[in-house]
Amino acid sequence: MSLRNMVNAGEDGAERPDRGNSDGTDVAYYRGRLLEEIDLAELAILNGAQRRARLERVMGTLVSREGPVLSTRERTALIRRVVDEALGLGVLEPLLADESITEIMVNGPNNVFVERNGKVERVPITFAGEQQLYQTIDRIVSTVNRRVDESSPMVDARLPTGERVNVVVPPLSLDGPTLTIRRFPRPYSVEELIERGSIDMAIGLLLSACVRAKFNVLVSGGTGSGKTTLLNALSAFVPDGERIVTIEDAAELTLRQEHVVRLESRPANIEGKGQITIRELVRNSLRMRPDRIIVGEVRGGETLDMLQAMNTGHEGSLTTVHANSADDAIMRLETLASMSELRIPFEALRDQINNAVDVIVHLARYPDGSRRIAEVAAVTSRRREAFELTTLADFDLAPLTADGIVRGGYRHLPLPPIVAQRLARAGESVPAHFGVAAPDEQLIVRAAH
């Protein structure tokens, strides 16, 4: 029995009617009438836009012929609600159409929240009941040949338009079905990030030079801090003649180069078989003759394989990691790399990390919802030395005022000679805001721990 049928069935096993009301009108009734009126074979040959237009015309005729007297606004809302439930995700469709929303969080049928401009807010939208919410979930997971029930109460899926979806249902979710939809913002260029205040011109010039000079760059930050957005922007500086392999859990990156191979991990099927992990894809990518490897995020044993790739001729690779600071990022790499089945001493892991990672770019999410680069640091420790980071730039946060808007500016510090020399060897110049530290100049160097 499908999830929808289990929910529809009452204690006596009888089907409960789907009663979803919009402005006092029975949406379920019109949805049934719509199914009676349309020719499914004819509808199947239409594309998405044509299909929606056809259903809206049929619904308009039905409402005019059978419906109550409605205002233009009520009539439009009813038609859209019925068509959304027939073709899409019902009450969630208007939220998915709103480009300012980056996250949709459904905590049961009566609590819907969204993230807009970096802040979470409740929206006045509810499902008609758990039945309608389960139908929406069923529609999502069925598109990726997955199921949700008591034996498999958690699912990660992806909508056809690319949004990442996570579902948790009872008994794990105590307050009813929980649905989280993560929307991927459109790709931003570094110039656009500069306009939005997420980065300044000098740091943009430095990072673009680092990418072209084949520095291995690690982007760190918390959830929703903009790691993937920055990774996308930095990837634009990879020269066109290079072969790039991208590896992700859910395909988010949109590279503009011509020679790109995109790989995506695969979860296990219903029988628990067929899983392809990020680690397996990283290992396989080494056989694909890549010039650069871009991993959407490292979070386990694949970290060791990524470090080995960076150390064996795949310079200029990019990846992200969840961390609260640049210091935490490099320490987390050590922890994650130790999660592989190989028993490697921490000293050897430190050697791998010191040789592999050149620059760490840490992003932060501030109280007003803004996201920006908080620090750019170079890894200046070598071999088995304790981790040592040298700050190249950081955001100097001004005290918050009554309006709650974050203000401040970036500090640009001289580059260590070893970084400047490597840029020069690649034909890149040091941005004027930074300069090169004199041999006797004191740099901001700290031990990461």
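Quick notes on the rules
Residues numbered from 1 in each chain as written. Predicted model: local features only at pLDDT ≥ 70, side-chain atom pairs only at ≥ 80, totals over all residues. Heavy atoms only, no water. Helix = DSSP H or I, 4+ residues; strand = E, 2+ residues; numbered from the N terminus. Buried < 20%, exposed > 50% of the residue type's maximum accessible area, 1.4 Å probe, protein only. Salt bridge = Lys/Arg side-chain N within 4 Å of Asp/Glu carboxyl O. Core = buried A, V, L, I, M, F, W, Y, C linked by side-chain atoms within 4.5 Å. Phe/Tyr/Trp six-rings, centres within 6.5 Å; stacked < 30°, edge-to-face > 60°. Lys NZ or Arg CZ within 6 Å of the ring centre and 35° of its normal.

## Examining the environment of D175
1) Next: Summarising the element assignment, D175 is placed in the loop between β7 (164-168) and β8 (178-182).
2) Next: In this structure D175 comes out as exposed when scored by relative accessible area, which is 70%.
3) Next: Distance in space between the C-alpha atoms of D175 and P109 is 9.7 Å, their sequence separation being 66 residues.

## What about the pattern of salt bridges?
1) Next: For the structure on display, the rule yields 21 salt bridges.
2) Next: R183 is paired through a salt bridge with E163; the nearest N and O atoms lie 3.9 Å apart. Linking R183 in the loop between β8 and α8 (190-195) with E163 in the loop between β6 (154-158) and β7, this pair joins segments that are 20 residues apart in sequence.
3) Next: Residue classification places E163 among the buried positions, given a relative accessible area of 9%.
4) Next: Linked through salt bridges whose partners overlap, the residues forming this network are D98, R116 and E121.

## What about the nonpolar core?
1) Next: Core analysis: the biggest nonpolar cluster contains 44 residues, and I203, I373 and V376 have the highest contact counts within it.
2) Next: Of all the secondary structure elements, the ones that give two or more residues to this core are α8, α9 (201-212), β9 (217-221), α10 (227-235), β14 (359-365), β15 (371-379), β16 (388-397) and α15 (417-425).
3) Next: Core analysis: the second largest hydrophobic core is formed by 35 residues, L307, A309, M310 and A326 among them.

## Let's talk about the packing of aromatic side chains
Here the distance between the centres and the angle between the planes together describe a pair of aromatic rings.
1) Next: Per the counting criterion, the structure on display carries two aromatic pairs.
2) Next: Judged by centre distance (5.6 Å) and plane angle (65°), the ring pair of Y366 and F395 falls under edge-to-face. Remark: F395 occurs in strand β16 and Y366 occurs in the loop between β14 and β15; sequence separation between them is 29 residues. Summarising the burial analysis for this pair, Y366 and F395 share the class buried.
3) Next: On the numbers, 5.2 Å between centres and 65° between planes, the contact of F395 with Y410 is edge-to-face. With a gap of 15 residues between them, F395 in strand β16 and Y410 in strand β17 (residues 408-412) connect regions that are remote in the sequence.
4) Next: In this structure Y410 comes out as buried when scored by relative accessible area, which is 17%.
5) Next: Put simply, the rings of Y366, F395 and Y410 pair up and form one aromatic cluster.
6) Next: The aromatic ring of F387 is capped on one face by R350, whose charged end is 5.9 Å from the ring centroid.
7) Next: In this arrangement the basic side chain of R372 is found over the ring face of Y366, its NZ or CZ atom lying 5.4 Å from the centre.

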